[in-house]
Amino acid sequence: MTGFRSLIDGKDTIAVTVDGKPVALPRGQSLLAALLVGNAAGAAGDFHCAIGQCQRCLVRVDGKVRAACLYVPEGGETIDTRPTDGRPLPWTSGEEPQ
């Protein structure tokens, strides 16, 4: 249980790769929302505003840095949730998972 729920029913999904693993995400949902509901937000989980202002939810989508809260995936993307600015992962000891 993540503590987050989605208002989108999730019946229509798209396939993406998140940190090397195939993941089905609800079509039309922001990347941040989908990652939070799926408990796979990585460094993006350290967000503050969810409207693009704080830039704390930055991830790499197909190698380009994007704000996860503003990006709506279309399917087929490769997403890397490691920190883009060198900061430690949120809610951890600062070590990257093995």
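Details of the structure are given in the entry above.
Structure report, in brief.

Let us look at the sheet that holds strand E2 (residues 21-26). Strand order in the open sheet formed by five strands is E2-E1-E5-E3-E4, and the pairing between neighbours is mixed. Single-partner strands in this sheet number two, and they are E2 and strand E4 (64-67). Within the sheet, the average angular offset between the axes of one strand and its neighbour, ignoring direction, is 40°. Sheet topology places strand E1 (residues 13-18) next to strand E5 (residues 78-80); two bridges connect them, and they run parallel. For Thr17, the partnering residue across the bridge sits in E5 and is Thr78.

We now examine the pattern of salt bridges. With the rule as written, the count across this model stands at three salt bridges. Among the ionic pairs, Asp12 bridges to Arg27, the shortest N-O distance being 3.0 Å. Pair noted here: Asp12 is in the segment before E1 and Arg27 is in the loop between E2 and helix H1 (31-37), with a separation of 15 residues, a long-range link. Among the salt bridges present, the one from Arg60 reaches Asp80, with a minimum N-O distance of 4.0 Å. With a gap of 20 residues between them, Arg60 in strand E3 (residues 58-61) and Asp80 in strand E5 connect regions that are remote in the sequence. Overall, the relative accessible area of 15% leaves Asp80 in the buried class. When salt bridges that share partners are traced, they join Arg60, Asp80 and Arg82 into one network.

Sheet topology note: the E1/E2 ladder contains six bridges and is antiparallel. Each bridged residue has a counterpart across the sheet, and for Ile14 the counterpart in E2 is Leu25.

Definitions and limits used
Residues numbered from 1 in each chain as written. Predicted model: local features only at pLDDT ≥ 70, side-chain atom pairs only at ≥ 80, totals over all residues. Heavy atoms only, no water. Pairing = 2+ DSSP bridges. Helix = DSSP H or I, 4+ residues; strand = E, 2+ residues; numbered from the N terminus. Axes fitted to C-alpha atoms, helices over the stretch in contact; angles between N-to-C directions. Salt bridge = Lys/Arg side-chain N within 4 Å of Asp/Glu carboxyl O. Buried < 20%, exposed > 50% of the residue type's maximum accessible area, 1.4 Å probe, protein only.

Everything listed is a geometric property; what it means functionally is a separate question.
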